Amino acid sequence: MAASWNFMRVVHYSKTVLSQGVQIGGITSDLGHALSRTITSSFVAKTPTSNTVELLGKAYPRDDYSNVTEKILSKVGKNLHNQRYHPLWLIKERIKDHFYKQYIGRFGTPLFSVYDDLSPVVTVEQNFDRLLIPQDHPSRRKGENYYMNHIHMLRAHTSAHQWDLMHSGLDAFLVVGDVYRRDTIDSSHYPIFHQMEGVRLFSNHELFSNIKDGESLQLFEQGHRTAHKQETHTMEAVRLVEFNLKQVLTKLVTNLFGDGLEIRWVDCYFPFTHPSFEMEINFQGEWMEVLGCGVMEQQLVNSGREGCSCPPFKKHFQLGAMSQAPLSKYPPVINDISFWLPSEKYSENDFYDLVRTIGGDLVEKVVLIDKFTHPKTKKVSHCYRITYRHLERTLTQLEVNRLHRAIEESAVQELGVEGRF
C-alpha cells in the first residue's frame, strides 16, 4: 500500500522581474531591435491561412478550437528554465538542491528525479480529464487556454504530466516547465509562466513506521467523504500526509524567502485534491497567497497503481509579487480605445491576445474602464485603457500612436468590432 503527495510551484513570467525584452544581470532576451529602437505599425494580428499549426517539428490540423497565436508560438521552445544562469534556472536549481539535500533515498541517492524537458504540447485528456476536471469547468474554456485543436493544447499546468509519470512507476519526482494561459494584461500577468510540480508516494510502512503502534494503522477504509477526508482514506493517513505536506512546503518557502515568515493555512478547493489548502504569507502587513496544496483524489492513483493513495500539494509561488520595485523607471504613455462589440460572441481574451501580438512587451497593462449599452440599439461598447512603457528608454507619443493605430485596425479586421476611434 502507498500514499503520495504532490506539489507545484508557479513562477509568473512577469515583466517586473523575468520578462523577455529586459536585461537582468547581464541576461538579455530577444525582444527585437526594431522595438528597442524604432517602433513601427507593421505588427498586425492576422488570421492564420495555413490549415495546420506547426510547432516543434510537428503539424497539428486546425479546427474550430485552434486559437494559439503566432506570438505565443514564437515563445515555445525557449526553455528559459534550462538556460544556465537565467533567473528561472537559478530558482529551479535552488529548489532542486533543497530537495536533493533534504530527501535522500534508501541507497543514499536523491529521492526525487527531475523532468524539465517534457513537451509543452499535451492532449486535452492529459490537461483536464486525467485530473478529474469536469467537462463544464471554466478552466476548459477556449478563452482561458491556447488550443492547437480540439485534441491538443499548450499545457496550462505541469500537472498535465502528473498522471503519466505516476503510472510509469515513479514514486518521487519533480516536473519543471513553461505553461500557457490566456489572461488579463498587467504588470503581474503574462500568458507564459513556469511551474514546478512534485509527487511522492509513501508505502504503508513509510507513513506509519515512526508512529507508536503504527503497524496497526492503515491507509484505506470504506468510509464516507467529509470536509476533512476522502471516503477511501483513513483519518490517520490523511492527518499524517497533511502534516508531511505542510512541513515540506514550510521548509521550502523558508529556504527560498528566509526565516521569520508569518505563515497561515486556509482551506480551499481544487478539482483533483481533497482536502485542499492554500498557504498565505504576511507580506508588508497583508496576507498574500503563495501556494495551494491538498490530498490527491484517490482515483487519480488507482488506475494502474492499486493500493496507492495520493495526497498532493500544488503550490503557487508568485515571486514577482515579493518585490515592490516599479516595472520601469521610464514614464508610461496611456491611450484609450473604444469600440462597439460585434453581434456575435466576443471574448475579452481575444482582444488581449491581439494587443499582445501587436504591442508585445511594450504593453504594460490593459484595463476595461467603461461599458456602455446604447438605449435604442442595445449595442454594447467597451472602452479599454492601454498603458505602454519601455523598460530601457522613454517612449514617444508618436511611436505609441503607430502601435495604437495598428491595434485599432486589427481589432476591426480580426474581431469584427466597430471602431469609435
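By the naming in an unreviewed UniProt entry, the protein goes by Phenylalanine--tRNA ligase, mitochondrial and is assigned to Chrysemys picta bellii. In its Subcellular location (unreviewed entry) section, UniProt records this for the protein: "Mitochondrion matrix".

A. Local environment of the pairing of strand 9 (residues 172-180). Among the nine residues in strand 9, nine count as buried, and that is most of the element. Judged by which residues are buried, strand 9 turns out to be covered on both faces: Ala-172, Leu-174, Val-176, Asp-178 and Tyr-180 on one side and Phe-173, Val-175, Gly-177 and Val-179 on the other are all buried. Two strands pair when backbone bridges link them, and strand 6 (residues 113-115) and strand 9 are joined in this way by three bridges, in the parallel orientation. Along strand 9, the bridge assignment pairs Ser-113 with Phe-173. Pairing of strand 9 with strand 10 (residues 192-203), which is carried by nine bridges, proceeds in the antiparallel orientation. The residue bridging Gly-177 from the neighbouring strand is Gln-195, located in strand 10.

B. Molecular detail of the side chain of Glu-408. Along the chain, Glu-408 turns up in helix 10 (residues 397-415). Of the side chains with opposite charge, Arg-405 lies nearest to the buried Glu-408, which makes no salt bridge, at 6.4 Å. Apart from the residues within four sequence positions on either side, Glu-408 is in contact with Ile-337 and Phe-421.

C. Quick look at the sheet that holds strand 11 (residues 263-270). Sheet architecture is open: three strands sit in the order 11-12-13, paired in antiparallel fashion. This sheet does not close on itself; its edge strands, each paired only once, are strand 11 and strand 13 (286-296). Recorded for the sheet is a direction-independent mean angle of 30° between the axes of neighbouring strands. Bridge analysis of strand 12 (residues 273-283) against strand 13 gives nine bridges, and the strand direction is antiparallel. When the bridges of strand 13 are listed, Asn-282 appears paired with Trp-287. Against the sheet, helix 7 (residues 235-257) makes contact with strand 11, strand 12 and strand 13, and its axis sits at roughly 30° relative to strand 12, the strand it touches most.

D. Structural context of helix 10. With 19 residues, helix 10 ought to run about 27 Å at 1.5 Å a step, and its terminal C-alpha atoms sit 26 Å apart, in line with that. Taken together, the buried positions of helix 10 are Glu-399, Val-400, Leu-403, His-404, Ala-406, Ile-407, Glu-408, Ser-410, Ala-411 and Leu-415. The inward-facing, buried residues of helix 10 abut strand 15 (333-340), helix 9 (348-359) and strand 17 (380-388). Just downstream of helix 10, Gly-416 is the residue with a positive phi angle, here 75°.

Procedures and definitions
Here the residue numbers are simple positions, counted from 1 along each chain's written sequence. The model is predicted, so local features are restricted to residues of pLDDT at least 70 and side-chain atom pairs to those at 80 or more, both for listing and for counting; the totals for chains, interfaces and linings are taken over all residues. Excluding hydrogens and water, the side-chain values take into account all heavy atoms of the structure. UniProt positions are given in the numbering used here, feature names are shortened, and annotations may be inferred rather than shown by experiment. Three exposure classes are used, based on accessible area relative to the maximum for each residue type with a 1.4 Å probe and protein chains only: buried under 20%, partly exposed in between, and exposed over 50%. Secondary structure elements are defined from DSSP: runs of H or I of at least 4 residues count as helices, runs of E of at least 2 residues count as strands, and each element is numbered from the N terminus. By definition, two strands form a pair when at least two bridges between them are found by DSSP. Positive: Lys, Arg. Negative: Asp, Glu. His and the chain ends are not part of the count. One speaks of a salt bridge when a side-chain nitrogen belonging to Lys or Arg is within 4 Å of a carboxyl oxygen belonging to Asp or Glu. In this analysis, two residues are considered to be in contact whenever any of their non-hydrogen atoms come within 4.5 Å of each other. Lines are fitted to the C-alpha atoms to define the axes, a helix being fitted only along its stretch in contact, and any angle between axes, read from their N-to-C directions, falls within 0 to 180 degrees. Under the convention used throughout, the expected extent of a helix is 1.5 Å for every residue step, that is, one less than its residue count.

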